[in-house]
Amino acid sequence: MYAPPIQRLISELAKLPGIGARTAQRLAFHILRASDEDAGALAASIREVKERVGLCQVCFNLAEGPRCRICEDDRRDGALICVVEEAGDVISVERTHEYRGRYHVLGGALSPIDGVDPDDLKIAELYRRVGDPAQPITEVVLATNPTTTGEATALHIADALRERAPGVIVTRLASGLPVGGDLEYADEVTLGKAFAGRRRL
Ligand SMILES: [Zn+2]
């Protein structure tokens, strides 16, 4: 229907989450109408983010270089680890200003139906961190989403930590977060309260 380069752009855009065929088409025409500078800046920013941003070797948050800013920040309390599903959740927790420790990004949540097993997430890496004598850990806050898969992931990790590291306090965010929702969509005040009122698992 369209010239091959336009069709290619539409099918690439349609791969993005939440973008259906019609939206992809609308975006493609928007890009075609845009100035060379604007379209070039979009293309360059996609290339740059892929070239320069990777995962932190310690916590798997997004990082420019081997470690993320939070792992490099000496003022953060290294004895606390907040476990989240995605790197975007780090931003949500940071916005509350309730937390001064470090993070661990799992890269998703356990979901046997979708074939997501512990091996698919950075769970073994978390246990390794908790067991590392170079940085003793006092508390692990499980801040996975208040969804079925997020809860299952929190319980799985809590059980394992009880066995592996009985001296470590394991907490879960207080209720009050919208059930079934993502951390990403919780407002700062609600998430901040849930953080301050976290309870021991
Ligand atoms: Zn990090």
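Only a predicted model underlies this, so the values are computations on that prediction, with no experimental measurement involved.

The rules behind these values
Residues numbered from 1 in each chain as written. Predicted model: local features only at pLDDT ≥ 70, side-chain atom pairs only at ≥ 80, totals over all residues. Heavy atoms only, no water. Donors = N, O, S within 2.8 Å, 3.2 Å for Na, K, Ca; no water. Helix = DSSP H or I, 4+ residues; strand = E, 2+ residues; numbered from the N terminus. Buried < 20%, exposed > 50% of the residue type's maximum accessible area, 1.4 Å probe, protein only. Pairing = 2+ DSSP bridges. Right-handed = clockwise from strand over helix to strand, strands pointing away. Phe/Tyr/Trp six-rings, centres within 6.5 Å; stacked < 30°, edge-to-face > 60°. Contact = heavy atoms within 4.5 Å. Polar contact = N/O pair within 3.5 Å; in protein donor to acceptor, adjacent residues only side chain to side chain.

Peer 1: An account of the coordination of the zinc ion is needed here, citing residue identities and associated values.
Peer 2: Under ideal tetrahedral coordination, the four donors around a metal are separated by 109.5 degrees; under ideal octahedral coordination, the six donors are separated by 90 or 180 degrees. Around the zinc ion, the protein contributes the donor atoms Cys56 (SG), Cys59 (SG), Cys68 (SG) and Cys71 (SG), which lie 2.3 Å from the metal centre. Written as a sequence motif, the donor residues of the zinc ion are C-x2-C-x8-C-x2-C. With cysteine 59 in the loop between strand E1 (54-55) and strand E2 (62-63) and cysteine 71 in helix H4 (residues 69-72), the pair connects residues that are twelve residues apart, well separated along the chain. The same class applies to cysteine 59 and to cysteine 71, which are both buried.

Peer 1: I'd like to hear about the pairing of strand E5 (residues 139-142), residue by residue, with values.
Peer 2: Of the two faces of E5, both are covered, the one formed by Glu139 and Val141 as well as the one formed by Val140 and Leu142. In the sheet, strand E3 (residues 77-84) pairs with E5 via four bridges, with the strands oriented parallel. Counterpart to cysteine 82 in the pairing with E5 is valine 141. Since E5 and strand E6 (residues 169-172) lie parallel, the crossover through helix H7 (residues 148-164) that links them has a hand, and here it is right-handed.

Peer 1: Now, about unusual backbone geometry: what can you tell me, with residues and values included?
Peer 2: Of note in this structure, phenylalanine 60 is not a glycine but carries a positive phi near 70°. Of note, phenylalanine 60 is situated in the loop between E1 and E2. When its relative accessible area of 14% is taken as the criterion, phenylalanine 60 is described as buried. With phi around 60°, histidine 97 is a residue other than glycine that occupies positive phi space. Tracing the backbone through its elements, the reader meets histidine 97 in the loop between helix H5 (87-96) and strand E4 (101-105). Classification of histidine 97 by relative accessible area gives exposed; the value is 70%.

Peer 1: Lay out the packing of aromatic side chains with the relevant residues and their values.
Peer 2: In the structure shown here, the tally under the stated rule is three aromatic pairs. Their ring planes at 70° and their centres at 5.3 Å tell us that tyrosine 99 and tyrosine 103 sit as a pair that is edge-to-face. Ring geometry for tyrosine 99 against phenylalanine 195: centres 5.3 Å apart, planes inclined by 50°, an arrangement best described as tilted. Taken together, the residues tyrosine 99 in the loop between H5 and E4 and phenylalanine 195 in helix H8 (residues 188-196) connect sequence positions 96 residues apart.

Peer 1: Pulling in residues and values, what's your account of the environment of arginine 198?
Peer 2: As for its position among the elements, arginine 198 is in the loop between H8 and strand E7 (199-200). The spatial distance from the C-alpha of arginine 198 to the C-alpha of leucine 142 is 9.2 Å, given a sequence separation of 56 residues. Sequence-distant contacts of arginine 198, defined by excluding residues within four places in its chain, comprise Glu139, Val141, Thr171, Arg172, Leu173 and Ala174. Side chain to side chain, arginine 198 and glutamate 139 meet in a polar contact 2.6 Å long.

Peer 1: Which residues make up the side chain of aspartate 73, and what are the values?
Peer 2: Relative to the helices and strands, aspartate 73 resides in the loop between H4 and E3. Look at aspartate 73 and you get buried, because its relative accessible area is 18%. A distance of 2.9 Å separates a polar side-chain atom of aspartate 73 from the backbone nitrogen of arginine 75.

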